[in-house]
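Single-letter residue listing:
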Amino acid sequence: MKNLEKYYIIKKNFLEMLFRRNFSINYKEYIMNYQYFKKICKIKKNYYKTLGVFTGNGSIDHKLVGFFKNRGMLNAIYLRIKIEILKLKNAKVGIFVIKKISSSALKIIKLFKEYFVIELFYEYEFILNAIKHYLVPGHELLFFLEKKKLLDCYKIKESQLPKILVINIFID
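Rules and cut-offs
Residues numbered from 1 in each chain as written. Predicted model: local features only at pLDDT ≥ 70, side-chain atom pairs only at ≥ 80, totals over all residues. Heavy atoms only, no water. Helix = DSSP H or I, 4+ residues; strand = E, 2+ residues; numbered from the N terminus. Rg over C-alpha atoms; globule rule 2.2 N^0.38 Å. Buried < 20%, exposed > 50% of the residue type's maximum accessible area, 1.4 Å probe, protein only. Areas by Shrake-Rupley, 256 points an atom, 1.4 Å probe, with all protein chains shown as cover. Axes fitted to C-alpha atoms, helices over the stretch in contact; angles between N-to-C directions. Parallel < 35°, antiparallel > 145°, perpendicular 65-115°, else oblique. Left-handed = near helix turned anticlockwise from the far one by under 90°. Contact = heavy atoms within 4.5 Å. Nonpolar A, V, L, I, M, F, W, Y, C, P; charged D, E, K, R; others polar. Arc of directions from axis to C-beta. Core = buried A, V, L, I, M, F, W, Y, C linked by side-chain atoms within 4.5 Å.

(A) Up close: the overall build of the chain. Scanning the chain from N- to C-terminus turns up seven helices and six strands. A compact globule built from 172 residues should have a C-alpha radius of gyration of about 16 Å, whereas the chain, at 20 Å, is more than 25% larger. Counting over 172 residues, the chain shows a buried share of 35%. When the accessible surface of the chain is summed, it comes to about 12100 Å², and 59% of that surface belongs to carbon and sulfur atoms.

Below, the structure written as structure tokens:
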């Protein structure tokens, strides 16, 4: 997989995660295809590194900034610079997509945990979108009549079906 393809997949899956968390995202970026992404990356040199600033739906105060550290290790110096950006943007949440992290950066995260929520994701966690994977079976909520029909068809009781929470992210 070429680097630009990898960055495209990471950005798409990052935006989907934010959408599922009820953050406002740029719809044009969300539906962007790879060819258009390549074109933008030629015009804007650091576009692929930029994940952006996002606000939670219904609350302007709920801001999140996404950072993508595509080279090397997330170290204390880089992290301190990005924490300053969080302060400037009035954001309480920072999400970092990284390859590796230094022990000094982990200490910085612990120092600032009372001021900011810092989430760390490794690149490989965004390469594969588990929600859309073909091996994940479809999940859907059934209305009362549909459920009764299913139970009658298989001659089973409701207690014999597997349970799933309504808030589960796999339910559309």
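(B) Spotlight on the packing of helix 1 (residues 3-20) against helix 3 (residues 34-43). Interhelical geometry of helix 1 versus helix 3 gives an angle of 110 degrees and a closest axis separation of 10 Å. Judged by the inter-axis angle, helix 1 sits roughly perpendicular to helix 3. Judged by the sense of rotation from one axis to the other, the crossing of helix 1 with helix 3 is right-handed. In contact with Leu4, Glu5, Tyr7, Tyr8 and Lys11 of helix 1, helix 3 contributes Tyr34, Phe37, Lys38 and Cys41. Its residues assigned to classes, the contact of helix 1 with helix 3 comprises six nonpolar, no polar and three charged.

(C) Region of the structure containing helix 5 (residues 103-112). Those residues of helix 5 not exposed but buried are Ala105, Ile108, Ile109 and Phe112. Each buried residue of helix 5 sits inside an arc of 100 degrees when the element is viewed along its axis, so together they form one side. Exposed residues lying more than 90 degrees from the buried face of helix 5 are Ser103, Lys107, Lys110 and Leu111. Contacts made by the buried residues of helix 5 are with strand 3 (73-74), helix 4 (76-88), strand 5 (100-101) and strand 6 (117-122).

(D) Broad picture of the nonpolar core. With 25 residues, the main nonpolar core has Phe14, Leu18, Phe37, Phe54, Leu64 and Ile95 as its most contacted residues. Those elements giving two or more residues to this core turn out to be helix 1, helix 3, strand 1 (50-56), strand 2 (59-68) and strand 4 (93-98). The element best represented in this core is helix 1, accounting for seven residues. Those residues in contact with isoleucine 95, other than ones at most four positions away along the chain, are Phe14, Met17, Leu18, Arg21, Leu64, Val65, Gly66, Phe67, Glu119 and Phe121. Counting residues in each nonpolar core, the second largest holds 18 residues, with Ala76, Ile98, Ala105 and Phe116 among its members.

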